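Analysis of the macromolecular model
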Amino acid sequence: MSMPLMTGRYRPWVMSLSLCGLLLVGACKRDTIDPDAPAAEPVAALQQIAQNLADNDLVGYARASVPPAQYNRLRVAWSDGHSRWPLTDLPLDGQLLPMLAALSAPDAPKRLQRSFDTQIAGQAAGVRQAAHSMGLFGVQYLRNQADYSEDERAHYSQVVDALSRWAAAAPLTDRQRAKTTITLLTATARTAGLSTDAELQAAGMEGSLRRLGPFAKALKTALASYGLSLDAAMTGLRGELVSQQGDTALLRIQYPLAGEQIEAQVRMTRRDGHWYLARTLEETDALLKAADEAVAAQAEHDAQRAAEAEAAAQVKDGASAPAKP
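Residues numbered from 1 in each chain as written. Predicted model: local features only at pLDDT ≥ 70, side-chain atom pairs only at ≥ 80, totals over all residues. Heavy atoms only, no water.

**A word on the pairing of strand β1 (residues 238-245)**
Direction of pairing for β1 relative to strand β2 (residues 248-257): antiparallel, over a ladder of seven bridges. Following the sheet pairing, E240 is matched in β2 by R252. (Pairing = 2+ DSSP bridges. Helix = DSSP H or I, 4+ residues; strand = E, 2+ residues; numbered from the N terminus.)

Spelled out as structure tokens, the structure:
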């Protein structure tokens, strides 16, 4: 994803800070949802997912996001190397391990501080322009993404706009704040000890999520020091039931983000008596189907190799047997 309006030296800082808001969930401003009204069951289910994230309970978040049977299958798929869900739900998920590796390096604090001092410190005007450009580019990018529904594009455009305005006003060039942030994130990344896919594999899904919980907390703490509270967004999530047909429900939700009120519409699906985000179920269903196909293909391949080896052994035994008189 190229961004001609944002110079390379600002992009990692501004994008990593601002796109964290895409962790939030579903379009159009209306009346404020009554926070004292009893939450409908699908709304309560969504609020529980958000609360788990606010509590840095990534295992709880994963358990609340899918039915128990599907959760167990996802654990197995992780162990087999066919899944990294729920990490793949993150924005820029492909950059998670490189970021953890960079933060975990022995020289990371000095190297990152030196990079900040030479590229970011004292460049307030450039960072503000970069944040503004990021907002323009982000909205344009979302409009052209066929993977998102209209409601999702409308929602994420609100998020990008709000975060762009936050980043333009945030003290991102403050040297002392950067030093504190670098110290916090490098120490927490080293403690997590997860910078390669092999380490994720060895730790397993739940082990990896438990070890990443403190890093998620540290990242949110860092963002809060710059005036962006993701916890406030998650605990402040309110919703109301728009419609329900059988096991499908449409919700209207609102949450505060960077001093603005974001509104969205999200679909929920009831499965095995509980409500889940429809998009999460669709994505994990597809992931597990692909994992099952990969396991079946591997089993077929192994069986074919075993049959070939057995046939070769029989030919060898036949060739070495003494001839009959």
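**Here we look at the packing of helix α5 (residues 96-104) against helix α9 (residues 175-192)**
Between α5 and α9, the least distance of the axes is 8 Å, while the angle of their chain directions is 105 degrees. With respect to their mutual orientation, α5 and α9 come out roughly perpendicular. On α9, the residues touching L100, L103 and S104 of α5 are L185, T186, A189 and R190. Class assignment of the residues belonging to the contact of α5 with α9 gives a composition of four nonpolar, two polar and one charged. (Axes fitted to C-alpha atoms, helices over the stretch in contact; angles between N-to-C directions. Parallel < 35°, antiparallel > 145°, perpendicular 65-115°, else oblique. Contact = heavy atoms within 4.5 Å. Nonpolar A, V, L, I, M, F, W, Y, C, P; charged D, E, K, R; others polar.)

**A short note on the nonpolar core**
Core analysis: the biggest nonpolar cluster contains 69 residues, and L46, W166, I253, Y255, L257 and M268 have the highest contact counts within it. Ignoring any residue separated from it by four or fewer positions in sequence, one finds M268 in contact with P42, A45, L46, D247, T248, A249, L251, W275, Y276, L277 and A278. Core analysis: the next-biggest nonpolar cluster, separate from the first, contains five residues, V139, L142, Y156 and V160 among them. (Core = buried A, V, L, I, M, F, W, Y, C linked by side-chain atoms within 4.5 Å. Buried < 20%, exposed > 50% of the residue type's maximum accessible area, 1.4 Å probe, protein only.)

**Let's talk about the confidence of the model for the protein**
For the protein, per-residue confidence averages 86 on the pLDDT scale, and residues scoring 70 or more make up 86% of the total. Counting interchain partners and residues more than four positions distant, the pLDDT-below-50 stretch residues 1-30 has 93 contacts. (pLDDT = per-residue confidence, 0-100.)

**Observations regarding the environment of A232**
Along the chain, the position of A232 falls in helix α11 (residues 230-235). Linking A232 and A258, residues 26 residues apart in sequence, is a C-alpha distance of 9.5 Å.

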